[in-house]
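# Overview (structure and organization)
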Amino acid sequence: MNTGKMKFRWQTLLWLLPLGFLAVFYFYPLGSILAVSLERAENGIGAVILEVWGSPSIRKAVGFTFWQAGLSTLLTLMIGLPGAYLFGRYEFQGKQLLRALTSVPFVMPTLVVAAAFDSLLGGRGWLNLGLMQLFNLDSAPIQVGQTLTAILLAHIFYNTTIVIRLVGDFWTNLDPRLTQAARMLGAKPWQAWLRVTLPLLAPALLAAALLVFIFDFTSFGVILILGGPKFATIEVEIFYQAISLFNLPAAAVLASIQLITTLALTTIYTRLVGKLSRPLTRRSEQVTLQRLSTWRQRAMAGWLSTLMLVLFVTPLVSLGLRSVVQLEPERRQRTLEEGPALTGAFYRSLWEDSEDSMFTATPGEALLTSMGYAGSTVVISLLLGFPAAWMLAWQKEDLLSRVLDPLLMLPIGTSAVTLGLGFIVALNRPPLDLRTSPALIPLAHSLVALPFVVRSLTPALRTIQPQLRQAAAMLGANPGQVIRFIDLPLVGRALLGSAVFAFTISLGEFGATALVGRPDRPTVPMMIYRYLGQPGALNYGRALALSTILMLATAAGMLLIERVRVGEGAEF
Amino acid sequence: MNGLEVIEIEKSYTPDQPVLKGIRLSQQKGEVVALLGPSGCGKSTLLAIIAGLLTPDEGEVFWQGENLAGKPPHLRKFGLMFQDYALFPHMRVAANVAFGLRMQGASSEKISQTVSETLALVGLPGFEGRDVNTLSGGEQQRVALARALAPRPGLLMLDEPLGSLDRALRAQLLDDLRGIIRTTHQTTLYVTHDQEEAYSLADRVVVMHSGRVAQIGAPREIYLSPKSAFVARFVGLTNLVRGEAQGKQANTPLGLIPLKEDTSGPVEVLLRPDAARLAGEGLTLSGRVVEVAFMGETTQLQLEVPAHGKLTFEFPSSQELPAPGEEISVVLDLGDGCQSFLVD
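None of the values given here were measured: they were computed from a predicted structure.

## Examining the environment of Met157(B)
- Turning to its location among the elements, Met157(B) is positioned in strand S7 (residues 155-159).
- For Met157(B), a relative accessible area of 0% corresponds to the buried category.
- Taking C-alpha positions, Met157(B) is 50 Å from Glu281(B), a pair spaced 124 residues apart along the chain.
- Every residue in contact with Met157(B), bar those within four places of it in the chain, is listed here: Met474(A), Leu47(B), Ile50(B), Ala51(B), Phe78(B), Gly79(B), Leu80(B), Met81(B) and Leu189(B).

Shown next as C-alpha cells:
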C-alpha cells in the first residue's frame, strides 16, 4: 500500500544519520587501520605476523595484555561473587546505599581512578608519605606504584561492580525453590550449589567474566599511569608507537590484533547474553530475598560490606583529601615547615600561569576546553542517537532495526585508543582532512558516547505508551496539555539523562583523546596525565585537584541521571 | 434520559470482520453495569468507543441526552481505568491522582484534600509521596482507581481492572471495589470476562458474544434463565442435550424431556445441575461416576452417560455420595419443564 511505502522511506531516513556517522567515523577509520597493516604484507600476511612476533617488545606487550587481563578477571570474580551472593539473596539495611556505592567506580574516568590509587599507594601517596613521616625515612618504603599489584587493584576496583550487578541481579530472580527442591531430593548444601545453583548461574557468570576480561584487555589510562614504562599492554604500545615513535604501521598492526581479539570476545559475549534469557521463571524479590537472621549471616554481610566499602570508597576519599592537604615540601624547601596542613593552594593555582609550566594552557583553560568538547559531544551524540533510539523503541521488530541494533553497539567493544589511531590514520588526508580540526575530539567522544546514549534513550522512549496519552485525555487533558504534561516530561527527562551521560563520558575520556588531542589545547584528562608525570608537590597537587573536580563532576552527573530516570534502567 | 444510551454501534477494523454489530444498551445514573464476555467479543472496543478513544462506524452514544459524536475524550468527563493501569511513570502517586483535578483547574488546597481523601478511600492513605514504579501490582491497581475516581467522573469505566492480579488479591480488591462503588454511588461500567466479578459487582449484566449483545439482565436472571445456549455455557451451565422438540417435549438420546415452552425443531435442552436426585420418581439416567468434586455446601458429580456423554450435577454435601468409578442411577426433578434453545 501507498502508506506502507511512505513509512518505509521515513524509517530509512531516520536511520541514515547515525549510519552515515558510523560509516565515516567508525568503519572507515578501522578499515584504514587494517589496510595500513596489510600494506606491509607484500610478502604475504605471514611476513607481517612474523615481523610483529619477531619484536620482543611487542611480543611482551601482547603476552602481558592477556596475562594481566586474565589475572584481573580471576581476582575480580573472586571478590565480586560473594558480593553478588549477598545482593542476590539477602535484604538488609543500607543495601540500596551500598549498591549505589559499588557502582560509583564503574562510571569514574580512568585517569581519576589511576590518580586515586596513586594518591593512596603511590610514591607521593598517603601510605608512603605517612610511613616516611612516621619512621623518618628518606624514600618511599612501599613500592606498589609501577607494579602489577597496583594495576590489578585498580582493575578490581573498576570491574567488581560488573560481577555484582550481572550475577547479583540474575541471582535475585533465580527461584530459591529450585535449590530447595534439590535439598528435598537429598542434596547436601554444597551439592545443591554445585548441581543446581552454579549451572543456573553459569551464563551470567561467564558473561560477567567475559565483559570484565574485555574491559581489562582494553584498559589504557590505568596501565599507562600505574604501570609506568615497565608494563606495556597492547593499548599502551599502540600509544607509544603512534605518538612517541610515530611508527603508524606498527601501531596499526597492534590495533588489528586488538580489534580481532575484542571482536571475537564481544561476539562470544553477545551469544552468552542471548543465552541468559533462557526460560527460567523469574521470581519476585519478595520470594528470593531473605533477611539476615543468624549471626553467621550477619557476620558474613558485615564483613563483605566492610570489604566493599574499603575497596570502593578509600581510593576516592584518599584522592579528595590528598588534593586539599600539603604533605610534601615545595620544591625549594627541604622539609615541610609546619607538618601536614589543609590547603586550597592546589585549587587556587589552577587558574595561575606557573612559571615552570611546560604548557601553553593553564588547568583552568583546560577545564573550559573540556567543557566545550563535552558540550559539542552532547549535541552530536543526541542528534545521532535520538533518531536511532526512536526507531529502536517503536520499530523493534522491524528487520532494519534488528540488523542495525548490534551495529550501533560495536563502538563499546572497540578500544578508544584504537578509535583514536583510526582517526589519525584515516582522517588526515583528503577527502577528510580533519587532522588539525578541533572537531576531531568531540567526534571521537560522540563515537564512544553514542551506544550509551542510544541504550539509555530507547527504554525511556518506550515508556511513552499510547495508553498514557489516552489516560491523560480521559482525565480531561486537551491535546496541548497531553504534550505538555506527558510527552515532553518523559522525552525531556530521557534527553536530559542521555545528555548528562554523554557530557560525563566526554569529560573523562582519555584513550582516544591521548591520540587525537592537540597539545596546545589539552583536555582535563590530558592535563592530569602530564602533571602526574612531573616532579614537584604543586604539579602533583594540581593533578589531584583536577582529578577531584572530574570525580565530583562525574558523580554529580550520575546522581542527576538517577534522579531523572524513568521506568526501567538502561539495557545492556 | 439521565444516563448512558448506546444506540446501534457498529465497528470494524477490517471491512470483512466486524468487531461490533448493532450494539444497543442503556444505563441509569448510579447503576453499575458489567460488560461480560469472553476475550475477543468486542467489549474493550465498545468501552473505547464510549470513552471517545475510538470512533464508531455507525451508531451513536448519548450521555444525559447529549449526543457525544465528535466530542473528544477529554471533554466527556468520563473516567477510565486501564487494564494495566497506565500510571504516569514520571509522577509520584499524588501527582497521578491529582492529574484530573489539575486539568479541571482545581485549587491546590482542593486538590491535595481530594487526593488524600481518595487515597484513603482506596485504602492507600499516606501514599502521596511514593514512586509509582516501586508499587506492587495491587497498589498500582488502587492508585489507578484513585486517579480515575478523584475528578468525580460522570461515568467510571473499568477495563478488566483485576485481570493481571493473582487470585487471593483479586478477591480482596473485588470486595473493596464493590464497597467503594456503592458508597460513592458511582455510575460504573465494568468490563470483565469473569462471571463472578460481574455477578458480585453489577446491578445488571450485559453478556456479549462475538460483537453482539447476547443478553441483558440482572445477574440472577441471567443465571436462572439464559437466553441462548452460548449464555448458558458461558455462565457455567454445561448440561446441554441435543434433541428434536415437538410441542412441550423433546425427543433426546436420554429419552423424552418435558419442556417449559412450546417449541419445534432441533434444540439443545438445558438440564440444570441441581435437578438430579439420588432417589425418587422421574426421568432416570444411568451412568458411571467419573469425578467427584467437593465444592463446600455442594458436591459436583460428573457422570459419563452412555447415550450422551458427560453431565455434571450438584448434590448437597451433607448426603452420602457415590465414589468415582461407581455405576449409579440418578432421577431428574424437572419441575415445570426444561429450558430449550433452538439450534440454527
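The discussion continues.
## Remarks on the sheet that holds strand S15 (residues 298-305) of chain B
All names here are of chain B.
- Strand order in this open sheet of 5 strands is S13-S17-S14-S15-S16, and the pairing throughout is antiparallel. At either end of the open sheet lies a strand with only one pairing partner, and these are strand S13 (276-277) and strand S16 (309-316).
- Relative to S16, S15 runs antiparallel, the two sharing 8 bridges. The partner of Thr 299 across the bridge, within S16, is Phe 315.

## Points about the nonpolar core
- With 180 residues, the main nonpolar core has Leu421(A), Phe99(B) and Met157(B) as its most contacted residues.
- With 13 residues, the single largest contributor to this core is helix H19 (residues 440-462) of chain A.
- Each of domain 1 (1-40 + 350-572) and domain 2 (59-334) of chain A contributes no fewer than three residues to this core.
- Other than its neighbours up to four places away in sequence, Phe99(B) contacts Ala472(A), Leu475(A), Ala477(A), Phe485(A), Ile486(A), Phe88(B) and Met91(B).
- In terms of nonpolar packing, the next biggest core, distinct from the first, is built from 50 residues, Val97(B), Val115(B), Leu165(B) and Ala232(B) among them.

## Comments concerning the pattern of salt bridges
Residue and element names in this part refer to chain B.
- Scanning the model with the defined rule gives 15 salt bridges over all chains in all.
- Close ionic contact of Glu 8 with Arg 24 constitutes a salt bridge, the shortest N to O distance being 3.0 Å. Separated by 16 residues along the polypeptide, Glu 8 in strand S1 (residues 4-14) and Arg 24 in strand S2 (residues 17-27) bring together distant segments of the chain.
- Exposure remark for Glu 8: the relative accessible area of 33% places this residue in the partly exposed category.
- Owing to a relative accessible area of 44%, Arg 24 belongs among the partly exposed residues under this scheme.
- Lys 71 serves as the salt-bridge partner of Glu 66, at 3.3 Å between the closest nitrogen and oxygen.
- Residue class for Lys 71 comes out partly exposed when judged on its relative accessible area of 24%.
- In this structure, a network of salt bridges that share partners links the residues Arg 170, Asp 194 and Glu 197.

## Structural notes on the environment of Gly22(B)
Residues and elements named next belong to chain B.
- Relative to the elements of secondary structure, Gly 22 occurs in strand S2.
- Taking the C-alpha atoms as reference, Gly 22 lies 4.1 Å from Glu 8; in sequence the two are 14 residues apart.
- If we ignore the near neighbours within four places in the chain, the residues touching Gly 22 are Glu 8, Ile 9 and Glu 10.

## Points about the packing of aromatic side chains
- One pass over the full model with this rule turns up 24 aromatic pairs over all chains.
- Plain terms: the ring middles of Trp63(B) and Phe78(B) are 5.2 Å apart, the flat faces sit at 80° to each other, and that makes the pair edge-to-face. Here Trp63(B) is found in strand S4 (residues 58-63), whereas its partner Phe78(B) is found in strand S6 (residues 78-81), with 15 residues between them in sequence. Both residues of the pair, Trp63(B) and Phe78(B), belong to the buried class.
- On the numbers, 5.7 Å between centres and 15° between planes, the contact of Phe230(B) with Phe234(B) is stacked. Residue Phe230(B) and its partner Phe234(B) are both found in helix H8 (residues 229-234); the two are separated by 4 residues, about one turn of the helix.
- Judged by its relative accessible area of 17%, Phe234(B) is buried.
- Grouped by ring-pair contacts, the aromatic residues Phe220(A), Phe239(A), Tyr240(A), Phe510(A) and Tyr529(A) constitute a single cluster.
- The ring of Phe88(B) carries the charged tip of Arg147(B) above its face, separated from the ring centre by 4.5 Å.
- Geometry around Tyr223(B) places Arg272(B) over its ring, the cationic atom sitting 5.4 Å from the centre.

## Here's the deal with the side chain of Glu197(B)
Residue and element names in this part refer to chain B.
- Locating Glu 197 in the fold gives a position in helix H6 (residues 195-201).
- In this structure Glu 197 comes out as buried when scored by relative accessible area, which is 5%.
- When residues no more than four places from it in sequence are discounted, the contact partners of Glu 197 are Leu 162, Arg 170, Leu 174, Tyr 190 and Thr 192.

What counts as what
- Residues numbered from 1 in each chain as written.
- Chains lettered and ligands numbered in written order.
- Predicted model: local features only at pLDDT ≥ 70, side-chain atom pairs only at ≥ 80, totals over all residues.
- Heavy atoms only, no water.
- Helix = DSSP H or I, 4+ residues; strand = E, 2+ residues; numbered from the N terminus.
- Buried < 20%, exposed > 50% of the residue type's maximum accessible area, 1.4 Å probe, protein only.
- Contact = heavy atoms within 4.5 Å.
- Pairing = 2+ DSSP bridges.
- Core = buried A, V, L, I, M, F, W, Y, C linked by side-chain atoms within 4.5 Å.
- Domains from an automatic or database assignment.
- Salt bridge = Lys/Arg side-chain N within 4 Å of Asp/Glu carboxyl O.
- Phe/Tyr/Trp six-rings, centres within 6.5 Å; stacked < 30°, edge-to-face > 60°.
- Lys NZ or Arg CZ within 6 Å of the ring centre and 35° of its normal.

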